[in-house]
Structures are given as structure tokens and as C-alpha cells.
Amino acid sequence: NAGVTQTPKFQVLKTGQSMTLQCAQDMNHNSMYWYRQDPGMGLRLIYYSASEGTTDKGEVPNGYNVSRLNKREFSLRLESAAPSQTSVYFCASSAVTAGSHEQYFGPGTRLTVT
Amino acid sequence: QKEVEQDPGPLSVPEGAIVSLNCTYSNSAFQYFMWYRQYSRKGPELLMYTYSSGNKEDGRFTAQVDKSSKYISLFIRDSQPSDSATYLCWNTNAGKSTFGDGTTLTVKP
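Bear in mind the structure is a predicted one, so any value in this text is a computation, not a measurement.

Reading the values: the criteria
- Residues numbered from 1 in each chain as written.
- Chains lettered and ligands numbered in written order.
- Predicted model: local features only at pLDDT ≥ 70, side-chain atom pairs only at ≥ 80, totals over all residues.
- Heavy atoms only, no water.
- Pairing = 2+ DSSP bridges.
- Helix = DSSP H or I, 4+ residues; strand = E, 2+ residues; numbered from the N terminus.
- Axes fitted to C-alpha atoms, helices over the stretch in contact; angles between N-to-C directions.
- Phe/Tyr/Trp six-rings, centres within 6.5 Å; stacked < 30°, edge-to-face > 60°.
- Buried < 20%, exposed > 50% of the residue type's maximum accessible area, 1.4 Å probe, protein only.

J.: With reference to specific residues and values, describe the sheet that holds strand β3 (residues 19–25) of chain A.
T.: In sheet architecture, strand pairing relies on hydrogen bonds along the backbone and comes in two forms, parallel and antiparallel. Residues and elements named next belong to chain A. What the 4 strands build is an open sheet, ordered β1-β3-β8-β7; its pairing is antiparallel. On the outer flanks of this sheet lie β1 (4–7) and β7 (64–68), each paired with one strand and no other. When the angles between neighbouring strand axes are averaged without regard to direction, this sheet yields 20 degrees. For β3 and strand β8 (residues 74–78), the ladder comprises 3 bridges, and the chain directions are antiparallel. Each bridged residue has a counterpart across the sheet, and for Met19 the counterpart in β8 is Leu78.

J.: I'd like a description of the pairing of strand β8 (residues 71–76) of chain B, backed by residues and values.
T.: Residue and element names in this part refer to chain B. Here strand β3 (residues 19–25) pairs with β8 via 6 bridges, running antiparallel. Bridge pairing in β8 links Cys23 to Ile72. By the bridge criterion, 6 bridges tie strand β7 (residues 61–66) to β8 in an arrangement that is antiparallel. Considered in β8, the bridge of Asp66 is made with Tyr71. Linkage of β7 to β8, two consecutive antiparallel strands, is achieved through a turn of 4 residues, within which Lys70 is found at a positive phi near 55 degrees.

J.: Describe the packing of aromatic side chains, naming the residues involved and giving the relevant values.
T.: A complete count under the given rule lists 12 aromatic pairs over all chains for this structure. Between the aromatic rings of Tyr64 of chain A and Tyr89 of chain A, the centroid separation amounts to 5.9 Å while the plane-to-plane angle is 65 degrees, which identifies the pairing as edge-to-face. Of the two residues, Tyr64 of chain A sits in strand β7 while Tyr89 of chain A sits in strand β9 (residues 87–94), which places them 25 residues apart along the sequence. The class of Tyr64 of chain A is buried, set by a relative accessible area of 4%. Given the relative accessible area of 0%, Tyr89 of chain A is considered buried. Taken together, the aromatic side chains of Tyr33, Tyr35, Tyr48, Phe90 and Phe105 of chain A together with Tyr36, Trp90 and Phe99 of chain B make up a single cluster linked through ring pairs.

This is a description of form; function is not addressed.
This is the structure we're talking about:
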């Protein structure tokens, strides 16, 4: 099993450009999450999807949109990138919704917006 | 005030030292507590998981939860250079979860 995979690993965007970060999991998990991690600020939840067909805002959703394409895939879209969105983005999945079960993380996407 | 506050660090200790990493939380509804370990330029991975007050041991690691004072700790015995990483506490109840900001630990040979 590959676990949680993310593409791309690195990306540089100019201000105003758009892009989609892809995430896929092969563990048959219901719940998936997108986080961003900035130095000294830990992991902050952007959006999550409790199950296929549902998405909810997390702590820092502004400037992002998500799509739960199917049970395996959860994408994060930046419509008009801003320098404040420079960060490392992690996708995660778990067996239940933010409950007692472990979240499994992908390797991350390092995004720089100039 | 953040719902989960973690000792900021960074922390640097000699090999073999006992390490104590600490978090406090304000939401008494939090039921499950986890410690994640994150190596540089990698995603976090689960280290310890508990849902009750008291201690839980796993090898050199002990997770301690005190629900009455809303305090959680991770102890590392006989620390090794391979323990050098950022440690994040994570609390959750149904539908809401919060990470601490992380404590970066360096264990020097």
C-alpha cells in the first residue's frame, strides 16, 4: 500500500496564478483532510471531508476550495495564489471523522508564491 | 487563546537524557489525545495515542494525561539522536481536532 500520496512535491507560483494540489489514499478511509504548516505555527486545518460527497471548512479556509472526487481522492485548489499561501501543505486521511482514529499523513507539497 | 498550547522549545539535550514534552488544553470536551512525531521535511506520524487519564508506555516513550488539570505530557527515556524531530500534541473530540504548534527536539550524540 502506498498510503497517502500527494502531487506535486514542490511548486512555485506567481501571485494570481491558480493550481490544484492532488491527494489520494488507498486505505479505504472515509475522512480526508488538508492542512497547511507554517514555521512555528503547527498544523492548521484548511478543509476536511468526513465522507465522500461532503466537505467542511476548517480553521483557515479562505482562499481555498476543495473537491472530494471519490472516496480515494481529495483535491485542494488555489484560485488566485497569494504570497501568504506560501507554506507546506499536507493531506491526511483517517478511518473516522476527527474521532479516535489516527490520521495518516502524506509527504507534503512545498508551495512558494512569489 | 488557542485551545492547545504546547511548550515552544526548541529543546536540545545530550544523548541518554530524559526528555519531557508538554501541552495544555482548554476544551474539556477533548476525549482523545495523541502525540505525533515529524522528522524534517516529512509528514507527521503517530507516536502515541491515549483516551484516558493516566500513563501509557511504549518502549522508551510514556504518554501521560491529566484530565483534571488539562495537561498532557510525553516522556522520552534514554533519548537517542534518532529522536531528533518535532513533536506535536493533538487533541480531539467528535468533529473537532486541534494540533499544538510543536516542540522541536535535538538530541546531541
